[in-house]
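Structural overview for review
Here's the letter readout for the chains.
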Amino acid sequence: MYDFAYHKPTSLADAVKLLADPDAKAVSGGHTLIPALKHRLNKPTALVDLSGIAEMKGIRREGNAIIIGALTRHVEVANSAEVKAAIPALAYLASHIGDVQVRNRGTIGGSVSNNDPAADYPAAVLGLGATIHTNKRKIAADDFFQGMFTTALEADEILERLLLPMVNEGARILEEGIASRPIDIDVIFTNGFGWPAWRGGPMFWADTLGLKAVRDKLNKYAEATGDKNLRPTALIEKLADEGGSFAAMGKSKV
Ligand SMILES: Cc1cc2nc3c(=O)[nH]c(=O)nc-3n(C[C@H](O)[C@H](O)[C@H](O)COP(=O)(O)OP(=O)(O)OC[C@H]3O[C@@H](n4cnc5c(N)ncnc54)[C@H](O)[C@@H]3O)c2cc1C
């Protein structure tokens with residue numbers, strides 16, 4: 001093994017901040033990732049342990065659908081009354097994964113994300129025609145699994161959904177005249193709110209995406225969630241239309 005930082009956030013927002021580091025890696029049960037680290041097949045500088053995030057756990061029924069949180073362990077799927085009643089074959093499958101230790105540590109999210117061709121869940125998810133919900137979108141199983149150990153998950157999946165509202169809020173603060181320059185917002189976020197300094201603050205980061213992309217993504221998330229607050233502010237709309245940037249706007253204000 002080699003040195004790496006270990007973090008155990010208790011909220012999705014904190015996990016996202018930590019995973020903003022491109023060399024950090026999420027770990028759920030660790031049953032695939034830890035052996036990969038031991039064999040140096042993967043070498044993250046930080047591990048972000050998701051197991052303390054309550055909002056990613058649990059099983060519930062919604063109409064005709066069974067919703068299983070990514071952090072739900074195999075033993076919980078095997079013992080779930082909801083799963084046994086609705087999809088007994090899935091409970092049976094979960095009860096036969098590995099051994100007792102594996103079933104008590106391994107998670108459905110880790111197994112599906114890893115997409116090992118020898119794993120049980122990916123076949124079940126495909127066979128059931130399930131839908132994989134990420135922070136950004138819902139992906140049909142047929143589109144999710146793209147080949148051995150490869151899925152449609154994007155590295156920035158969780159990230160954008162949480163960071164773009166901060167960009168929108170920053171733009172609102174500029175519109176209201178509470179701050180006069182985008183760079184002032186970046187300084188506050190990097191020094192006061194734990195925004196990863198190497199990203200240069202939310203307004204700088206938005207410029208790297210391009211404000212047209214920022215506008216389109218905000219509109220997409222607003223539509224997907226029904227959250228009106230995610231609609232891009234008038235300032236973002238204007239800068240996107242003009243091909244402008246927060247950086248150029250900051251210069252003109254100084
Ligand atoms: C001895 C042994 C026997 C096993 N037998 C079986 C078996 O019979 N059948 C079977 O199907 N499986 C088997 N497994 C695999 C086991 O089921 C684990 O569930 C699986 O390895 C991955 O789950 P995990 O939670 O441990 O993921 P981790 O090892 O924590 O993560 C795996 C990968 O997914 C990523 N990841 C984890 N969680 C998320 C998330 N929420 N969102 C996005 N990415 C994420 C990680 O960054 C990593 O790249 C076995 C494992 C062992 C060690």
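Report follows, based on the coordinates. Model, not experiment: these values are computed from the prediction. Residue numbers restart at each chain and count upward from 1, following the sequence in its written direction. Totals for whole chains, interfaces and linings use all residues, but because this is a predicted model, local features are given only for residues with pLDDT of at least 70 and pairs of side-chain atoms are given and counted only at 80 or more.

A separate point is the overall build of the protein. Secondary structure elements follow DSSP: runs of H or I of four or more residues count as helices, runs of E of two or more count as strands, with numbering from the N terminus. When its secondary structure is counted, the protein shows 15 helices and 9 strands. Based on the C-alpha atoms only, the size of the protein along its principal axes is roughly 65 × 45 × 30 Å. Between the buried cut of 20 or more and the exposed cut of 12 or fewer other C-beta atoms within 10 Å of a residue's own C-beta lies the partly exposed class, and all C-beta atoms are placed from the backbone. Buried residues in the protein amount to 31% of all 254 residues. For the protein, the proportion of contacts with a sequence separation of at least 24, taken over those separated by at least 6, is 52%. Contact between residues is assigned whenever the C-beta positions, reconstructed from backbone atoms, fall within 7 Å.

Glancing now at the site of the ligand. If you check the shell around the ligand, you find 24 residues, and the closest are Gly29, His31, Gly98, Gly106 and Gly110. For the shell around the ligand, the secondary-structure elements that each account for two or more residues are strand E2 (24-27) and helix H7 (108-114). Looking at the shell around the ligand, the element that brings in the most residues is H7, giving 5 residues. The domain boundaries here were taken from an automatic or database domain assignment. A domain split of the shell around the ligand shows at least three residues from each of domain 1 (5-52) and domain 2 (57-151). For each residue, a C-beta atom is positioned from the backbone; the residue is called near a molecule or strand if that atom sits within 6 Å of it.

Its location among the elements puts Ala213 in helix H13 (residues 211-225). Here Ala213 falls in the partly exposed class, since 14 other C-beta atoms lie within 10 Å of it. Here the alpha-carbon distance between Ala213 and Ala240, two residues 27 residues apart in the chain, equals 8.2 Å.

The next point concerns the environment of Gly177. Relative to the helices and strands, Gly177 is located in the loop between helix H10 (157-175) and helix H11 (182-192). We classify Gly177 as exposed; it has 7 C-beta atoms within 10 Å. A C-alpha to C-alpha distance of 27 Å links Gly177 and Ala13, two positions 164 residues apart in sequence.

For the rest of this paragraph, the subject is unusual backbone geometry. Here Asn115, not a glycine, exhibits a phi torsion of approximately 50 degrees, which is positive. Relative to the helices and strands, Asn115 resides in the loop between H7 and helix H8 (121-127). Its 20 C-beta neighbours within 10 Å are what place Asn115 among the buried residues.

Helix axes are fitted only over the stretch in contact, all axes being lines through C-alpha atoms; the angle between N-to-C directions runs from 0 to 180 degrees. The N-to-C vectors of H11 and helix H12 (residues 202-209) enclose an angle of 115 degrees; their axes lie 7 Å apart at closest approach. In this structure, H11 contributes Pro182, Ile185, Asp186 and Phe189 to the contact, and H12 contributes Pro202, Met203 and Phe204.

Another aspect to go through is the nonpolar core. Note on definitions: a nonpolar core is a set of buried residues drawn from Ala, Val, Leu, Ile, Met, Phe, Trp, Tyr and Cys, linked by C-beta atoms within 7 Å. In terms of nonpolar packing, the biggest core is built from 26 residues, with Ala15, Val48, Leu50, Val77 and Ile108 touching the most fellow members. Looking at which domains feed residues into this core, each of domain 1 (5-52) and domain 2 (57-151) gives three or more. Those residues in contact with Val48 that lie beyond four places of it in its chain are His7, Pro9, Ala15, Leu18, Leu19, Ala24, Lys25, Ala26 and Val27. With 20 residues, the next largest nonpolar core counts Leu164, Leu174, Tyr221 and Phe246 among its residues.

A few words on the sheet that holds E2. Spatially, the 3 strands line up as an open sheet ordered E1-E3-E2, and their pairing is parallel. Looking at strand neighbours, the two that pair on one side only are strand E1 (5-7) and E2, the edges of this open sheet. Between one strand axis and the next, the sheet turns through 25 degrees on average, direction left out of account. Set on the sheet, helix H1 (residues 12-19) makes contact with E1, E2 and strand E3 (46-49); between it and E3 the angle comes to about 165 degrees. For two strands to be treated as a pair, DSSP must find no fewer than two bridges joining them.

Attention now moves to the packing of H13 against helix H14 (residues 234-242). Two elements in contact, H13 and H14, have axes separated by 8 Å at closest approach and are oriented at 135 degrees. When the axes of H13 and H14 are compared, the pair comes out oblique. Handedness of the crossing formed by H13 with H14: left-handed. Along its contact with H13, which presents Leu211, Lys212, Val214 and Arg215, the element H14 presents Ile236, Glu237, Leu239 and Ala240. Nonpolar residues are Ala, Val, Leu, Ile, Met, Phe, Trp, Tyr, Cys and Pro. Charged residues are Asp, Glu, Lys and Arg, and all others, Gly as well, are polar. Tallied by class, the residues present in the contact of H13 with H14 amount to 5 nonpolar, no polar and 3 charged. What sets the label is the angle itself: under 35 degrees gives roughly parallel, over 145 gives roughly antiparallel, 65 to 115 gives roughly perpendicular, and the rest give oblique. For any helix crossing, the convention is left-handed if the near helix is rotated counterclockwise from the far helix by under a right angle, and right-handed if that rotation is clockwise.

Topologically, Lys217 is positioned in helix H13. The spacing of Lys217 and Leu230 is 13 residues in sequence and 9.4 Å in space, taken between C-alpha atoms.

With that out of the way, let us pick up H14. Listed in full, the buried residues belonging to H14 are Leu235, Ile236 and Leu239. One face of H14 carries all of its buried residues, which in axial projection span an arc of 95 degrees. Residues of H14 that are exposed and angled more than 90 degrees away from the buried face: Ala234 and Asp241. Phi turns positive one or two residues past the end of H14, at Gly243, with a value near 70 degrees. As used here, the arc belongs to the directions running from the helix axis to the C-beta atoms.

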